[in-house]
Amino acid sequence: MTAPASLAERERLAAAGALDVERLRASFPILDQEVHGHSLVYLDNAASSQRPEAVIEAVSDCYRTYYANAHRGVHALSERSTDEYEAARGKVARFVGAGKDSEIVFTRGTTESLNLVAQSYARPRLLPGDEVLLTEMEHHSNIVPWQLVCEQTGARVRAAPITDGGDLDLAAMAGLIGERTRVVAVAHVSNALGTVNDVAAVARLVRDRSDAAVVVDGAQAVPHMQVDVSALGCDFYAFSGHKMYGPGGIGALWGRGELLASMPPYHGGGAMITRVTFERTEYTVPPHRFEAGTPSIAPAIGLGVAVEFLESLGLERIERHEQALLSHSLEQLNDLPWVQVLGQPPGGESPRAAVLSLVIDGAHPHDAATILDEQGIAIRAGHHCAQPLMERLGVPATVRASFGMYNTHEEVDRLISGLHEVRRIFG
Ligand code: PLP
């Protein structure tokens, strides 16, 4: 690693609005360790990011000092837990530009959020012959829930094509939206290619051609760019805490208030009812209607702190830093003819988040990952839960390096040296 920046240099960066990455890294205890005798380079942020001390402390403070079940007791600890849990909902709501706190449903993550929309919004509305339109770049979480609901209703899944360079083909997508289209579900950012889809343009296409709901998988967007669900013009937006520097086991679904109010519950149990008899049950209002059972109280509180952490740094500054890492990587990768960067065409149409999907001549992605791991570099190898995308691109798997706010230019250089080592071994 490079020598610590001087105070003068850090002040210069702060004045220029740049992230003080060195100081930021000190907030993430897990980053300060050696793996196989090398300082850890964590480049698997698209799978799961790491958590700052403030989030770890908030979760542990909850368990150490005030944890009790929320929305249940009248005793002081339960009231405090309830207040903190609901305050976290408010923080998450403001973070994504929701009109009301009640438009945020806490879930286990993006996967559960998308299943909720498929079962509670789509299932009662889909008829045989109706269509759910996805794209070729979706994560399995934004494919399988729709296949399940289509099997249950007789509707069918269709997929809008992408270009060879990994952009969504909006013109072709427009041609697939018709009067049978009931749902259009797209990733805001592709977890495998980093493509940032123009969700607002997709929503306009849909509104012009149908009354389909626009569902956005925002798992890879919220940690990396400012998201405003009102400006996007979508109906549902799903995301996960563990990818945005928050705890695992918690995530959220934003849904338009009037749509949530029209939807039946997804799960049944305690906390989502107003009255239960053996004959029938009356359900309470959203969001509690969709939060059956004891919620993930401490993780939700931790998520609220993660949101504050992101806001304190500023999403624009985070995005600028990650884009600089992406450019630095691409400049060097362009000089390696034996590495192909998927979905990063020179002058590609859509912006890209800092995700690199690499194919290395002569080296299987899993072997490459092992060699990188031996050098302390954590990346992911595989199909990235996007098998249809891999098939479209004609590769079984890739090496994926995905960046977060705390990564540095020196870590990019370590990755590039690591790739040279892969090349040396597999020649
Ligand atoms: N959607 C995208 C684009 C993802 O990258 C992921 C996780 O990798 C998911 C959905 C699923 O998220 P989770 O496993 O947190 O539910």
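Going along each chain's sequence as written, the residues are numbered from 1 onward. Totals for whole chains, interfaces and linings use all residues, but because this is a predicted model, local features are given only for residues with pLDDT of at least 70 and pairs of side-chain atoms are given and counted only at 80 or more. As a convention, hydrogens and water are excluded, and side-chain values are obtained from all of the structure's heavy atoms.

## As for the overall build of the chain
What counts as a helix is a DSSP run of H or I of at least four residues, what counts as a strand is a run of E of at least two, and both are numbered from the N terminus. When its secondary structure is counted, the chain shows 15 helices and 17 strands. Radius of gyration means the value over C-alpha atoms here, while the globule rule gives 2.2 Å times the residue count to the 0.38 power. Taking 427 residues into account, the globule formula puts the C-alpha radius of gyration at 22 Å, and the chain, at 22 Å, falls close to it. Oriented by its inertia axes, the alpha-carbon framework of the chain measures out at about 70 × 55 × 40 Å. A simple rule labels every residue: compare its accessible area, found with a 1.4 Å probe on the protein chains alone, to the largest value its type can have, and call it buried under 20%, exposed over 50%, or partly exposed in between. For the chain, with 427 residues in total, the buried portion stands at 55%. Pairs of residues are marked as contacts when any of their non-hydrogen atoms sit within 4.5 Å. Expressed as a percentage of contacts within the chain between residues at least 6 apart in sequence, the contacts between residues at least 24 apart total 72%. Accessible surface for the chain amounts to roughly 17,600 Å². Of this, 51% is attributable to carbon and sulfur atoms. Calculation of accessible area relied on Shrake-Rupley with a 1.4 Å probe; when residues are assessed, cover is drawn exclusively from the protein chains displayed.

## Re the site of the ligand
Near the ligand the following residues occur: Thr110, Thr111, His139, Ser141, Asn191, Asp217, Ala219, Gln220, Ser240, His242 and Lys243. Taking histidine 139, its side chain carries an N or O atom lying 3.3 Å from an oxygen atom of the ligand. As used in this structure description, the phrase polar contact means that two N or O atoms lie within 3.5 Å; if the pair is within protein, one of them must be able to donate a hydrogen and the other to accept it, and residues adjacent in sequence are counted only when both atoms belong to side chains. In the environment of the ligand, a nitrogen atom lies 2.5 Å from a nitrogen or oxygen atom belonging to the side chain of aspartate 217. Burial of the ligand by the protein chains amounts to 87% of its free accessible area of 390 Å². Of the residues assigned to the shell around the ligand, the class counts are one nonpolar, eight polar and two charged. The near set for a molecule or strand comprises every residue that places at least one heavy atom within 4 Å of it. For this classification, the nonpolar set comprises Ala, Val, Leu, Ile, Met, Phe, Trp, Tyr, Cys and Pro, the charged set comprises Asp, Glu, Lys and Arg, and every other residue, Gly included, is treated as polar.

## Some words on helix H6 (residues 144-153)
Spacing of three or four residues puts side chains on the same side of an α-helix, whose turn is 3.6 residues. Looking only at H6, the buried set comprises Pro145, Trp146, Val149, Cys150 and Thr153. Angularly, the buried residues of H6 cover 135° about the axis, an arc narrow enough to put them on a single face. For H6, the secondary structure elements touched by its buried residues are helix H5 (110-122), strand E5 (131-135), strand E6 (156-160), strand E7 (181-187) and strand E8 (213-217). Taken from the residues just after H6, glycine 154 is the one with a positive phi, measuring 85°. Summarising the geometry, the arc corresponds to the directions from the helix axis toward the C-beta atoms.

## A short note on the sheet that holds strand E16 (residues 380-382)
Strands qualify as paired when DSSP identifies two bridges or more between them. Ordered in space as E13-E14-E17-E16, the four strands form an open sheet in which the pairing is antiparallel. Every interior strand has two partners, whereas the edge strands, strand E13 (339-342) and E16, have only one. Direction aside, neighbouring strands of the sheet carry axes that sit 30° apart on average. In this structure, strand E14 (residues 355-360) lies alongside strand E17 (residues 398-402), joined through four bridges in antiparallel fashion. Paired with leucine 356 across the two strands is alanine 401, which belongs to E17. Axis definition: a line fitted to C-alpha atoms, limited for helices to the stretch in contact. Angles are taken between N-to-C directions and run from 0 to 180 degrees.

## Quick notes on the environment of arginine 352
Relative to the assigned elements, arginine 352 resides in the loop between E13 and E14. On the basis of relative accessible area, arginine 352 is assigned to the buried category, the value being 7%. Of note is the side chain of arginine 352, whose polar atom sits 3.0 Å from the side chain of aspartate 167. One polar contact links the side chain of arginine 352 to the main-chain carbonyl oxygen of serine 350, over a distance of 2.9 Å.

## Regarding helix H4 (residues 76-95)
Expected helix span is computed as 1.5 Å times (number of residues minus one). Taking 1.5 Å per residue as the helical rise, H4 with its 20 residues ought to reach 28 Å, and the 29 Å between its terminal C-alpha atoms agrees with that figure. Among the residues of H4, those classed as buried are Ser78, Ser81, Thr82, Tyr85, Ala88, Arg89, Gly90, Val92, Ala93 and Phe95. Residues of H4 that are buried make contact with helix H3 (53-66), strand E4 (104-107), strand E9 (236-240), strand E10 (251-255), helix H11 (297-313) and helix H12 (315-333). One or two positions beyond H4, positive phi appears at glycine 97, with a value near 75°.

## Some words on the pairing of E17
In terms of burial, E17 is a largely internal element, five of the five residues being buried. Here E17 shows two buried faces, one formed by Thr398, Arg400 and Ser402 and the other by Val399 and Ala401.

## Focus on the sheet that holds E7
A sheet is described by the order of its strands in space; here seven strands give the open sequence E4-E10-E9-E8-E7-E5-E6, paired in mixed fashion. Pairing within the sheet leaves two strands with one partner each, and these edge strands are E4 and E6. On average, each strand axis in the sheet is tilted by 20° relative to the strand beside it, whichever way the strands run. Pairing between E8 and E9: three bridges, direction parallel. Pairing of valine 216 across the sheet is with tyrosine 237, part of E9. The strands touched by H5 are E4, E7, E8, E9 and E10; relative to E9, the strand with the most contacts, the crossing angle is about 150°.

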